Structures are given as C-alpha cells and as structure tokens.
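Structural overview
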Amino acid sequence: MSSACASCDRKFIIVLVLVIVIESFVMVVPTGFFVWHHRSAKFPLCSMGTCFNFSRCNKDQLLVYSYNDPAPLNPPTYFREFPDSQLQTSDPEKACLFFVYSDTETNENAWWWQKPHLQTLPFWNNGMNHVIITFADRWSETNPPAESIGMASIMSTELHHTAYRGGFDISIPLPRLQQQTPPELASVKPFQRKYFATFKGTRYLSREGAFRSSEAFRGMHNGKDVIVATTCRQETNDKLVRWQPWKATGCEADQRVYDSYDFVDLLNSTFAFVPAGRSPASYRFLEVLSAGAIPVLIADDYVRPFESLIQWERCLLQFSTHDLHRILPTLRSLPKEDVVERQCYCQQVFASFLQDDSTLVRSVLLSLQQRMRS
C-alpha cells in the first residue's frame, strides 16, 4: 500500500471514529438539539456596496484574471471553457474580477489547518473583487476557514440561505453526468410519460443525505407509477458498513429494486425526485431538466442555481427533508394545467441557462453582470 493510500485510510478512520462517537451522542439528546445535515459555513458580512471596487470594472466587459486553471477533482466542469474566453486577461491591472479555483488536489488532501492561506495570493487585497469558485460537497473539503476569506465572494454549488449573501454570492449547478438522454424524451408531455415520479441513486447510510435511507423516502416506491430505486454500493458506505454492519439493513432488497430499473428509462417521468446527498446540490438536477421531467427538490436551506436569473418557483417544487410525507399527496393534487406550465417553463430555463457548457458559462457571466447592476 502506498504512503498516500495509508494516509487517506488513517484520515478516514479518525473521521469515522469521531462520527460514531457524535452519532451515539445524537441518539441520546432531544430531537433538534444537534443537527448534522448540511451545516453551512459562516462568511464575513459583505455586499457589493461594501466589499467591491466598481472603479476597476467596465460593466459591459468584465475582464477576469485567474490565479489557476479550473481543476475540479471529479468530474471535469464547464469552467474549463473559461480560460479560452475573450473575458480572460493575463494582466491583473486590467482585471475587474480575480478567480480562485479552490478544488485543487493539494487543498483536497490537506487538513483544514493546512489549507493554503488566501492572503498569500499576490493581488489578494483582503479579497476585494475576488471570487472563490468551488464544487466541493462541503466548504471545508477544499477551502480555508470561512471567516478568513475577507471581502471575497463565493461561487459555489453548496450555498445555504443561512449564510448566503444575496446579490454578492452566486449559486451554480453541478455539471450533468448523464449525457445520453434521448433528445425526443424532452418533448413528451406530462401525464403521457411512463411514470409519475421517479428516483434512481445512492442511499447514504450516515450524516448528510441519510434521509434517503428513511422509510419515508424509500417507502414512496410503489413499483407502479412511483419508483424509488436506491443502492448502498458507494465507497464511503462500504467502509462504514465494515464498522457498523447494522447500517446496511435493507440494502440487499434495495439493490434488487435498483438493478431492475434503467436510469434513462426512469427519466420518462412527469416528476423526478432530486434529493440532497452529501451536498444539497445534485448531479441529477440537470439530468432531470434535460429529459423534460419536473424536478422535485428535497433539500434544506439550499440556494438554487442562478437565483437572480431564474424564477424557480415556476418550474420545480421543493420540500424539506422533514416533509417527505407531503410530497406525493402534493404532486397528485396539482392541476394538470399547472403541471404543463411548469414543464414548459422548465424547458425554457434549461435551454436558456443550463443545456451545455457554453450556456452554463454564459449564465455565470450574466449572474456576475447582474450583480454589478443591482
């Protein structure tokens, strides 16, 4: 075994022991006293009026200086198109914005106290006009302590309303993983689709996303027009089960259901569940929209992507992880006209802001320009 692998295993064991101890503590305290699910970082108070130098910028062309190339660990993302953009400048004196891509291998492998200090960046200036870009499931995975970012803004897939600085930070979507959605599927109207509501994905056994293991979530599966197919086969789950085998209760039965359904076939659904996992954001979000299904977000405290550009309430429906029992009754009670209108607006949103890498980059730039004008 390599020293790097041994180090990773030691780090996992230390973290896992801490999780077991804390989860044991959670079991004996009143409900709501201790909340694990998607705790948000606390950033310094900032706005465009107090933490941004407008004099550096031409509102019609926001020149960007990047300290490093976008290199998210997994998977590649739409920001890879940005270095070739005409908005990129190699001259920091001409830059309006300074991009910091934080999802580097060095940051991912470092303990939180070893994360590189942003103050060492040559043009940092306490974060003025800087944008920290991250696709990490949790802020602490690849980023420095939240209180250390000065006047920098955040562009992230993991933004929470309790810490979100509206008009300053920007929520962005995870890229689409499943690229082979049949193009004709998007044109199929609601209620003419094979299923009413569906989900196929990982069942998390601990901490963030553990509500996917609940009977309330998995119990929505009826094997007819509502399909919830989950699998426990995932690296973190596999390691956890070695220490806590009782966590795997029901996994074999779930796997048989999971193996009996095709992912693309399940997208032929009027609604598609998009439950939070280790992060409130989900790769499934864009996959569902690309197939013409109406997303049903299940997440707490989540800032949806490009909120300044998109009226999400006209497209998707969103439920708290504590309201799983309300989902199907609410969906089945919606008037058909409302569902058709939602699908239509969802399709407009996908085509205008989300459909491919070039469109996503344009949406990022539109969001940056809009916050200059607001």
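- For the chain, the name recorded in an unreviewed UniProt entry is Exostosin GT47 domain-containing protein, with Sphagnum troendelagicum as its organism.
- Recorded in UniProt for the chain, the comment headed Sequence similarities (unreviewed entry) runs: "Belongs to the glycosyltransferase 47 family."
- Taken directly from UniProt, the Subcellular location (unreviewed entry) text for the chain runs: "Golgi apparatus membrane".

1. Here's the deal with the overall build of the chain
- Within the chain, the regular secondary structure consists of 11 helices and 10 strands.
- Across the 374 residues in the chain, those meeting the buried criterion constitute 53%.
- When the accessible surface of the chain is split by element, carbon and sulfur atoms take 53% of a total near 17900 Å².

2. Concerning the nonpolar core
- Core analysis: the biggest nonpolar cluster contains 79 residues, and F79, F99, F271, F273 and L354 have the highest contact counts within it.
- Tallying contributions element by element places helix α10 (residues 336-354) first for this core, with 7 residues.
- Contact partners of F273, with chain neighbours within four places excluded, come to A197, T198, F199, M220, V226, V228, R284, V296, I298, I327, L328 and L331.
- By size, the runner-up hydrophobic cluster in this structure holds 19 residues, among which are Y67, W124, W139 and L159.

3. With respect to the sheet that holds strand β6 (residues 195-202)
- The sheet built from 5 strands is open, its strands ordered β7-β6-β8-β9-β10 with parallel pairing. Strand pairing shows two members of the sheet lacking a second neighbour, β7 (226-231) and β10 (317-319), which therefore form its edges. Between one strand axis and the next, the sheet turns by 20 degrees as a mean value, whatever way the strands run.
- Bridge count for β6 against β7 is 6 bridges, and the pairing is parallel. Counterpart to G201 in the pairing with β7 is T230.
- Contacting β8 (269-275), β9 (294-298) and β10, α10 runs over the sheet at an angle of about 90 degrees to β9.

Conventions we followed
Each residue is numbered by its place in its chain's sequence as written, counting from 1. Only residues with pLDDT of at least 70 get local features here, since the model is predicted, and only at 80 or more are side-chain atom pairs given and counted; chain-wide, interface and lining totals rely on the full set of residues. Hydrogen atoms and water are omitted, and side-chain values are computed over all heavy atoms in the structure. UniProt positions are given in the numbering used here, feature names are shortened, and annotations may be inferred rather than shown by experiment. Going along the chain from the N terminus, every DSSP run of H or I of four or more residues is numbered as a helix, and every run of E of two or more is numbered as a strand. Working definition: with a 1.4 Å probe on protein chains only, accessible area under 20% of the residue-type maximum means buried, over 50% means exposed, and in between means partly exposed. To be clear on the numbers: accessible area is Shrake-Rupley with a 1.4 Å probe, and residue cover counts the displayed protein chains and nothing else. Joining through side-chain atoms within 4.5 Å is the link that ties buried Ala, Val, Leu, Ile, Met, Phe, Trp, Tyr and Cys residues into a set, and such a set is a nonpolar core. Contact between two residues is taken to exist if any of their heavy atoms lie within 4.5 Å; hydrogens are not considered. Any two strands with at least two DSSP-identified bridges between them are counted as paired. For every element, the axis is a line fit to its C-alpha atoms; helices are fit only across the contacting stretch, and the angle between N-to-C directions ranges from 0 to 180 degrees.

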